Amino acid sequence: MADSTKHAAANSDSGSGEAGKASDGSTKKEGASVIFKLYCLAVLTVMAASYTVLMRYTRTVEGVRYYSTTTVFVTECAKMFFTLCILLKEHKGSIRKVSQELKGNIIGKPTEMLKMSVPSIVYAIQNNMTFIGLSNLDAATYQVTYQMKIPCTALLSVMMLGRSLGGMQWIAVFVLTGGVILVQGIGGEAVSHTSGTDGNYVVGLTALTIAVFCSGFAGVYFEKLLKGSDTSLWVRNVQMYSWGMLSAFMGVVMHDWQNVRENGFLYGYTPLVWLVVLLGSGGGIYTSIVVKYTDNIMKGFAAAAAIVLSTIASIMFMGLVVGWMFVLGASLVIAAIFMYGLPKTNTERLPTKKGGTTQNV
Ligand code: NCC
């Protein structure tokens, strides 16, 4: 994470409102390079792939069932910790400067702080719903339903951010969704035979549908707040994770309090569960970097590539056998990535109206 956070920190505004200047006062290079964007998308792809595989493994295969609400809470705490470390590094180790900046942006800007509660609470709902979906559905149904977040996010980006997608890009979004569904059909079947899920189908499907909308809405709303002001990414993350910790803790109290009192907060935390926490927090932070330097739709493309990669990893290391549907699905995903266009366009800022037409700047 070190390299990209260094780059992200150097590229982020200091929160002083001086657009075009990096936090060290030097003139900021306009826009991140394509290489940097691709690097971030690639790291996110690998993290999301391992996160999904491990989360499912620990929920369905490992013996002791840990309380997923506590994992969501611990992950929020870890993200807050990492973000504070990055801020501290950005301010050359000065705790005084960090607390000044945070005081100004948290106590000093209550309206901004309140605005951040929206994506944060919606994400907390999504993260909890994902676990409920995973625990109640077979892998194939889970994965196919969850892919609906790709067109959902694209639609919300157009509606809420005024982003315009060309005809080819819309086709790419649907080709991607179809491709991932085909890939998942194979991977899902293979996993579902081993997992033997005996949950409640209706509960699982409802939870996942809610998660799909939450993912799209929270992602696009976060992007709107991040790119619609000059507050730095890391300050935005501190604001968001403060609410995240609070709402995730409410989740523990409402859902698992009795269990936690009887067995302890960290009941069932094997080393693999800690790895889920680490990947979840690292993946969350990379998500925010990717959203800042590209956009939510491109994040969806990275997540799709993650699914293809994790299936290829299962073929190579776990002996998964795939047929023509996987090959077709993977080809569609690759084709969609090219049809959409590599991250060449500058989507770091919101589109502006110029002469009555919406343009990306
Ligand atoms: O579902 P998804 O993302 O939309 O979830 C986004 C995750 O990023 C965290 N986040 C967001 C903004 C921000 N400033 N900080 C954050 O920590 C949110 O808390 C939320 O967990 C995807 O598009 O498919 C993607 O999927 C997730 C994850 O694989 C699924 O949700 C699992 O069910 C990926 N997350 C991780 O790898 C940790 C994400 O990268 C891509």
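Residues numbered from 1 in each chain as written. Predicted model: local features only at pLDDT ≥ 70, side-chain atom pairs only at ≥ 80, totals over all residues. Heavy atoms only, no water.

- Going by the annotation in an unreviewed UniProt entry, the name recorded for the protein chain is CMP-sialic acid transporter-like isoform X1, with Branchiostoma belcheri given as the source organism.
- In its Subcellular location (unreviewed entry) section, the UniProt record describing the protein chain reads: "Golgi apparatus membrane".
- Here is the UniProt Sequence similarities (unreviewed entry) comment for the protein chain, exactly as written: "Belongs to the nucleotide-sugar transporter family. SLC35A subfamily." (UniProt positions renumbered as here; feature names shortened; annotations may be inferred.)

### So, the UniProt feature "transmembrane region" (unreviewed entry) in the protein chain
- Following the UniProt record, the feature "transmembrane region" (unreviewed entry) maps to residues 34-54, 66-88, 167-187, 199-222, 234-254, 266-289, 301-318 and 324-343 here.
- A distance of 30 Å separates the end C-alpha atoms of residues 34-54, which is 100% helix and 0% strand.
- In residues 234-254, the share of helix is 100% and the share of strand is 0%. The end C-alpha atoms are 30 Å apart. (Helix = DSSP H or I, 4+ residues; strand = E, 2+ residues; numbered from the N terminus.)

### Considerations on the site of the ligand
- Near the ligand you find 26 residues, and of these Lys-79, Lys-149, Ser-215, Tyr-241 and Lys-299 are the closest.
- Here Gln-126 contributes a side-chain N or O atom positioned 2.9 Å from an oxygen atom of the ligand.
- A distance of 3.0 Å is found between an oxygen atom of the ligand and a side-chain nitrogen or oxygen belonging to Asn-127.
- Bound to the protein, the ligand loses 94% of the 750 Å² it would expose on its own.
- For the shell around the ligand, the element with the most residues is helix H11 (residues 271-293), which contributes six residues.
- Class assignment of the residues belonging to the shell around the ligand gives a composition of 12 nonpolar, 11 polar and three charged. (Near = heavy atom within 4 Å. Polar contact = N/O pair within 3.5 Å; in protein donor to acceptor, adjacent residues only side chain to side chain. Areas by Shrake-Rupley, 256 points an atom, 1.4 Å probe, with all protein chains shown as cover. Nonpolar A, V, L, I, M, F, W, Y, C, P; charged D, E, K, R; others polar.)

### Some remarks on the environment of Glu-76
- Mapped onto the elements of the fold, Glu-76 is located in helix H3 (residues 68-90).
- The class for Glu-76 is buried, based on a relative accessible area of 7%.
- Sequence separation between Glu-76 and Met-240 is 164 residues, and the spatial gap between their C-alpha atoms is 9.5 Å.
- Setting aside residues up to four positions removed in sequence, Glu-76 forms contacts with Asn-127, Tyr-241, Gly-244, Met-245 and Ala-248.
- Here the side chain of Glu-76 touches Lys-79 through a polar contact of 3.0 Å, side chain to side chain. (Buried < 20%, exposed > 50% of the residue type's maximum accessible area, 1.4 Å probe, protein only. Contact = heavy atoms within 4.5 Å.)

### As for the packing of helix H5 (residues 110-136) against helix H10 (residues 233-263)
- Running from amino to carboxyl end, H5 crosses H10 at an angle of 55°, the nearest separation of the two axes being 8 Å. Taken together, the axis directions place H5 and H10 in an arrangement best described as oblique. As for how H5 packs across H10, the hand of that crossing is right-handed. The segment H5 lies against H10, with Glu-112, Met-113, Leu-114, Met-116, Ser-117, Pro-119, Ser-120, Ile-121, Tyr-123 and Ala-124 engaging Arg-236, Gln-239, Met-240, Ser-242, Trp-243, Gly-244 and Ser-247. (Axes fitted to C-alpha atoms, helices over the stretch in contact; angles between N-to-C directions. Parallel < 35°, antiparallel > 145°, perpendicular 65-115°, else oblique. Left-handed = near helix turned anticlockwise from the far one by under 90°.)

### Here we look at the packing of aromatic side chains
- Throughout the structure, instances matching the rule amount to 12 aromatic pairs.
- Centroid distance Tyr-66 to Tyr-269: 6.2 Å. Interplanar angle 75°. Geometry classified as edge-to-face. Taken together, the residues Tyr-66 in the loop between helix H2 (34-60) and H3 and Tyr-269 in the loop between H10 and H11 connect sequence positions 203 residues apart. The burial state of Tyr-66 is the same as that of Tyr-269; both residues are buried.
- When the centroid spacing of 5.8 Å and the interplanar angle of 75° are considered together, the rings of Phe-73 and Phe-265 count as edge-to-face. Separated by 192 residues along the polypeptide, Phe-73 in helix H3 and Phe-265 in the loop between H10 and H11 bring together distant segments of the chain.
- Since its relative accessible area comes to 16%, Phe-73 is described here as buried.
- Across the ring face of Tyr-146, the terminal group of Lys-149 is positioned such that the distance to the ring centre comes to 3.7 Å.
- The ring of Tyr-293 carries Lys-292 above its face, with NZ or CZ at 5.5 Å from the centroid. (Phe/Tyr/Trp six-rings, centres within 6.5 Å; stacked < 30°, edge-to-face > 60°. Lys NZ or Arg CZ within 6 Å of the ring centre and 35° of its normal.)

### A short note on the nonpolar core
- Core analysis: the largest hydrophobic core is formed by 52 residues, its most contacted members being Leu-176 and Ile-289.
- With seven residues, the single largest contributor to this core is helix H12 (residues 296-318).
- Here Leu-176 is in contact with Ile-150, Gly-300, Phe-301, Ala-304, Val-333 and Ala-336, once residues within four sequence places are set aside.
- In this structure, Tyr-67, Ala-78, Leu-156 and Val-277 belong to the second largest nonpolar core, which totals 28 residues. (Core = buried A, V, L, I, M, F, W, Y, C linked by side-chain atoms within 4.5 Å.)

### A look at H11
- Helix length check: H11, at 23 residues, gives a terminal C-alpha distance of 33 Å against a target of 33 Å (1.5 Å per residue), a fit within 8%.
- The buried fraction of H11 is high, at 17 of 23 residues. (Expected span 1.5 Å × (residues − 1).)

### So, the pattern of salt bridges
- Per the counting criterion, the structure on display carries six salt bridges.
- Of the charged contacts in the structure, one is a salt bridge between Arg-236 and Glu-112, with a shortest N-O distance of 2.6 Å. Of this pair, Arg-236 sits in helix H10 while Glu-112 is found in helix H5, placing the two residues 124 residues apart along the sequence.
- In this structure Arg-236 comes out as buried when scored by relative accessible area, which is 1%.
- For Lys-227, the salt bridge is made with Glu-223, and the minimal N-O distance between the two is 3.1 Å. Linking Lys-227 with Glu-223, this pair stays in helix H9 (residues 201-227), spanning four residues, or about one helical turn.
- Glu-223 sits in the buried class, given a relative accessible area of 0%.
- Counted as one network, the salt bridges with shared partners bring together Arg-163, Glu-223, Lys-227 and Asp-295. (Salt bridge = Lys/Arg side-chain N within 4 Å of Asp/Glu carboxyl O.)

### Section: a nonpolar patch on the surface
- A grouping of Val-46, Leu-309, Ile-312, Met-316 and Phe-317 is seen on the molecular surface, where their side chains present a nonpolar patch of about 520 Å² in accessible area.
- Structurally, Leu-309 can be placed in helix H12.
- Take Leu-309: its relative accessible area is 41%, and that puts it in the partly exposed class. (Patch = residues over 30% accessible without salt bridge, like charges linked within 9 Å, V, L, I, M, F, W, Y side chains within 5 Å.)

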